[in-house]
Amino acid sequence: MRSPSAPNSWHSLTFLFLASCIAACSSYGGDDAAGGNRSEPAAIVPAGSTVVTFTFADTRKSQTLAGPLFARYGMHATFYVNSGRVGASSSYLSLADLRSLAAAGHEIGGHTVDHVDLSTVPAAEARHQICDCRADLMAMGFPVTSFAYPFGSDTPTARLLVIDCNYNSARATGGIKNPYGCSSCPPAETIPPADVFLMRTPPSVESDWTLADLQSLVLQAEAAGGGYIQVSLHEICDGCGTYSIKESLLDAFLAWLAPRASRGTFVMTTNELIGGAVKPPVYSDGGTFPFDAGTFDAGTGFDAGTPDAGPADGGVSDGGVGDGGTNLLRNPSLETDTNSDNVPDCWRRVNTGSTSGGWSRTSDAHTGSWAQTARIASLSSGADRRLIVMQDTGTCSPVVTPGHTYRVSAWYKTPGSAVFVASYRTSSGWVEWATSPVLPTSTPYRLAEWTTPPVPAGALNISVGLALRSVASMTMDDFSLVDVSAGPTPDTLHVVTPNGGESLTTGSTYDIRWDSTGTWSSVGLAYSTDLGTTWTTIVTGAPNTGRYTWTIPTTTTTRGLVRISSTSAPFVSDTSDAAFTIVPPPSGPAIPLGSTWKYNASGTDPGASWNLPSYVDSAWPSGAAELGYGDGDERTVIPKTTPSQSSVYFRKKVTLGAVSAASLRVKYDDGVAVYVNGTLVYSVNMANGLGHSTYASASTENAVSIASISPAAFVAGENTIAVMVKQVGPTSPDLSFDLELSVTP
């Protein structure tokens, strides 16, 4: 048996070896992480090293077994956590589990609030899932910098949101060679990764993987001269699910891996490799942590003392009547606070069970000036924090009719678990009665409605409210309670277009369309260019005809949304389900001759991904076309190598709307290949292949070709045009390049 001290000795070798190499190693350069590319690492890694990161996703309880396993070998892992699952049931990691792992040196990262597929939800919901996961975990005390896309849902919108939510990196799924597929993929991610917000990985480890399969991931990276391998794990158990690994197999893999530090193979967490400052948390609604100031209601159970209900507001709803019936609640918009105790008159803050956190009166109101926010930092099983109607004998609690059902509604926003609660009073006192299903999580204010069961015989009054039941925050406003038999169904609004995916041209007109039910006479329209963080008014008081002709603003964006709301009841609203694009109108060629291009004339192979949108070309120089050497007519003279470089590379990004037809005019000497977003759309004199070291198959002197190309390669938004120009041989004396791209919307 291996002595207990041996693994720690191997781990110490890692740092000794790293220290000995610092003088010979240069730290990574690159763009700021906010730009979506490379970041300064936390540790210097010798050139040619292989770095392995073990990642555990989905907040599974069995992952607690990783703690003692990794401690045995002096290693640490990254745990990608769903904040909404923390302590939600015995199947998930508790807050105490996470704190124990973090105290042992493991990294806690984000994995969305509820483990949703980001490609299937609207942009606002994706923002909530990504931003609020990080903010919630940081509220628990963890310095979160890393993110993993659930289900590999690494869409362009999700990537932008990860950056906006202040993460430093994000792990995708796939794109690396593995024992079960992707044989033509690279053997490892680069160090540093080509795109820290789309880091490529092997697929998740499954229950039928062997030790040889796991070892092959490391060996292929080592054989390729090093690189970055992330081992994606979920459950630690014996056959409990498809994505599981036996504890004994994981132990054997760690034991095999530990001594390889002497060969330049190191185990690090994601943050240890990627580095970067821990940025401030950002809630999806634009708020920040720590909890906002306010009167903290720390007691267990009902608040101490007798609240001053204050004068009733005459039964007039100050929050608007959202469903056309009579609102039975007093002070439904939570505006009145006669005794200035931060608790709205006729309402009560209640802490059931054992919770820590806070309450506040906030100006982040849905309508009016005030709303209420409950926050939970920790809680026991079955505990919650709730805002309910004062349970009195009728001053605040509405009178009810036995046998009737009542519709309760409220505007709220929370990344956590929330429900409506209802109680009724009999001659003997108050009875806890009914609870709604769990409400959807939401980043912006969202209207929720729930219809109670029929009121039992003997009931005299009713109390309703909202309860927060997880570690999170919830802001509430504009409550309503209506006797269903006394009022019509709710009025609604629904955005039809633009609803996601459209490409709109600045300065043009576009018909915003919507559906509605009810009797709203007018609506207000607004647009956002940043996925809902800020809004600009389009019009107020437009007739509710279902259509409004909008003149598209001059601000270009790939993250546009439209919102429609009733002018008489602003809390009735709807927003585009996903982002649309605003692009400038075409004016001449999309890329004219003489444009500026990034270029690489070093004579070295830039790697297989050089033509992809995600490739980082920030270190490439740039210059205006014509680019080349040897003819004397160049605007930008690029370096010539000896022997003549076989291939020279050019890249340019251009933002376009929808493309129905496209053509190019390209000047080259001697061979050329043109790619759009990684797709080859045109080539000539490339019969010898498209590899870096091959030469052109024929010689042409400053040739100009004109060709139609497939519009299918283009996307609405940003496009990457990448061009390879080849010399005919090692003694070729000149090289030329220029390109014009024309598109038809």
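Right above here is the structure, for reference.
Residues numbered from 1 in each chain as written. Predicted model: local features only at pLDDT ≥ 70, side-chain atom pairs only at ≥ 80, totals over all residues. Heavy atoms only, no water.

*Asks:* Give me the state of the cysteines: which residues, what numbers.
*Replies:* As used in these notes, a disulfide is a covalent bond between sulfur atoms, one from each of two cysteines. The full count for this structure, using the stated rule, is 4 disulfides. Between the sulfur atoms of C182 and its disulfide mate C185 the distance is 1.7 Å. One quick way to see it: the torsion about the S-S bond of C182 and C185 is about -45°, and its sign makes the bridge left-handed. Here the bonded cysteines of the protein are numbered in sequence order, and their pairing is 1-2, 3-4, 5-6, 7-8. We note that C133 lacks a disulfide partner, and the nearest cysteine sulfur, in C165, lies 9.7 Å from it. Classification of C133 as buried rests on a relative accessible area of 0%. (Disulfide = S-S within 2.5 Å. Buried < 20%, exposed > 50% of the residue type's maximum accessible area, 1.4 Å probe, protein only.)

*Asks:* Please give an account of the environment of V389 that cites residues and values.
*Replies:* Here V389 shows up in strand β15 (residues 384-389). Residues V389 and D345, spaced 44 residues apart in sequence, show a C-alpha to C-alpha distance of 9.2 Å. Among residues more than four places away in sequence, those in contact with V389 are L329, C346, W347, C396, S397, P398, I462, S463 and V464. (Helix = DSSP H or I, 4+ residues; strand = E, 2+ residues; numbered from the N terminus. Contact = heavy atoms within 4.5 Å.)

*Asks:* Residues and numbers for unusual backbone geometry, please.
*Replies:* Cis geometry is adopted by the peptide bond preceding P498, which originates at T497 and carries an omega value of -5°. One can find P498 in the loop between β22 (492-497) and β23 (503-505). Here N166, not a glycine, exhibits a phi torsion of approximately 75°, which is positive. Structurally, N166 is set in the loop between α5 (156-164) and β5 (169-175). The backbone phi angle of N677 is positive, close to 55°, even though this residue is not glycine.

*Asks:* Break down the environment of P143 for me, citing the residues and quoting the values.
*Replies:* For P143, the position within the fold is in the loop between α4 (123-139) and β4 (146-148). Its relative accessible area of 53% is what places P143 among the exposed residues. As for P143 and E107, which are separated by 36 residues in sequence, their C-alpha atoms are 8.4 Å apart.

*Asks:* An account of the pairing of strand β25 (residues 522-528) is requested, with residue identities and associated values reported.
*Replies:* The buried fraction of β25 amounts to 7 of the 7 residues, a majority that puts the element mostly inside the structure. Across the two faces of β25 the burial is the same, with S522, G524, A526 and S528 and V523, L525 and Y527 all buried. Sheet analysis places β25 next to strand β26 (residues 536-543), joined by 5 bridges and oriented antiparallel. Looking across to β26, one finds that L525 is bridged to V539. Bridge count between β25 and strand β28 (residues 557-566): 6 bridges; the pairing is antiparallel. Across the sheet, the residue bridging to L525 is I564, located in β28. (Pairing = 2+ DSSP bridges.)

*Asks:* Could you give an account of the packing of aromatic side chains, naming the residues involved and the relevant values?
*Replies:* Throughout the structure, instances matching the rule amount to 18 aromatic pairs. Ring centres of W347 and F479 lie 4.6 Å apart, and the angle between their planes is 45°; this geometry places the pair in the tilted category. Taken together, the residues W347 in strand β12 (residues 347-352) and F479 in strand β21 (residues 472-483) connect sequence positions 132 residues apart. Taken individually, W347 and F479 each receive the classification buried, so the pair is uniform in this respect. Where W550 meets F580, the ring centres are 6.4 Å apart and the plane angle is 80°; that geometry is what we call edge-to-face. Placement of W550 in strand β27 (residues 547-551) and of F580 in strand β30 (residues 580-583) is noted, with a sequence separation of 30 residues between them. Summarising the burial analysis for this pair, W550 and F580 share the class buried. (Phe/Tyr/Trp six-rings, centres within 6.5 Å; stacked < 30°, edge-to-face > 60°.)

*Asks:* How would you explain the sheet that holds strand β37 (residues 671-676) if you had to name every residue and give the values?
*Replies:* An order of β32-β31-β35-β40-β37-β38 is seen for the 6 strands of this open sheet, with the pairing classed as antiparallel. Two strands bound the open sheet, and with one partner strand each, they are β32 (622-624) and β38 (679-684). The sheet shows a mean angle of 25° between the axes of neighbouring strands, taken without regard to direction. Strand direction decides the pairing type here: strand β35 (residues 647-656) and strand β40 (residues 717-726), joined by 10 bridges, are antiparallel. Its bridge partner lying in β40, F650 is registered against V723. (Axes fitted to C-alpha atoms, helices over the stretch in contact; angles between N-to-C directions.)

*Asks:* Describe the side chain of T506, naming the residues involved and giving the relevant values.
*Replies:* Take T506: it is sitting in the loop between β23 and β24 (509-517). For T506, the residues in contact, after removing those within four places along its chain, are I552, P553, T554, T556, I582, V583, P584 and P585.

*Asks:* For the nonpolar core, give the residues involved together with the corresponding values.
*Replies:* Ranked by size, the top nonpolar core spans 73 residues in total, and within it F54, F56, F70, I130, V231 and L250 carry the most contacts. For this core, the leading source of residues is α4, giving 7 residues. Each residue touching F54, except ones within four places of it in the same chain, is listed here: F70, A77, T78, V231, L233, L250, F253, L254, L257 and V267. (Core = buried A, V, L, I, M, F, W, Y, C linked by side-chain atoms within 4.5 Å.)

*Asks:* If you had to explain the sheet that holds strand β39 (residues 703-709) to someone new, which residues and values would you point to?
*Replies:* The strand order across the open sheet formed by 5 strands is β34-β33-β41-β36-β39, and the pairing between neighbours is mixed. This sheet does not close on itself; its edge strands, each paired only once, are β34 (636-637) and β39. Of the strand pairs in this sheet, strand β36 (residues 661-669) and strand β41 (residues 735-744) are connected by 9 bridges, and their pairing is antiparallel. When the bridges of β41 are listed, A662 appears paired with V743.

*Asks:* Please set out the pattern of salt bridges residue by residue, giving values where relevant.
*Replies:* Summed over the entire model, instances satisfying the criterion amount to 18 salt bridges. For D364, the salt bridge is made with K413, and the minimal N-O distance between the two is 2.6 Å. Note that D364 is positioned in the loop between β13 (355-362) and β14 (371-379) and K413 in strand β16 (residues 406-414), a separation of 49 residues in sequence. For K413, a relative accessible area of 8% translates into the label buried. For K667, the salt bridge goes to E626, with nearest N and O atoms at 2.7 Å. Note that K667 is positioned in strand β36 and E626 in the loop between β32 and β33 (627-629), a separation of 41 residues in sequence. Connected via shared salt-bridge partners are D384, R386, E432 and R469. (Salt bridge = Lys/Arg side-chain N within 4 Å of Asp/Glu carboxyl O.)

*Asks:* Outline the side chain of S62, supporting the account with residue identities and numerical values.
*Replies:* Along the chain, S62 turns up in the loop between β1 (50-57) and α2 (66-72). A polar atom in the side chain of S62 sits 3.0 Å from the backbone nitrogen of I236. In this structure, S62 is in contact with E235 and I236, ignoring residues within four places of it in sequence. (Polar contact = N/O pair within 3.5 Å; in protein donor to acceptor, adjacent residues only side chain to side chain.)

*Asks:* Explain helix α6 (residues 211-223) to me, using residue names and the numbers behind them.
*Replies:* Structural remark: α-helix, 3.6 residues per turn; residues separated by three or four positions point the same way. With 13 residues, α6 extends 18 Å between its outermost C-alpha atoms, agreeing within 8% with the 18 Å of an ideal straight helix rising 1.5 Å per residue. Listed as buried for α6 are D213, L214, Q215, L217, V218, Q220 and A221. In this structure, the buried side of α6 is in contact with β1, β7 (227-233), β9 (244-245), α7 (247-257) and β10 (265-267). Directly after α6, the chain includes G225, whose backbone phi takes a positive value near 95°. (Expected span 1.5 Å × (residues − 1).)

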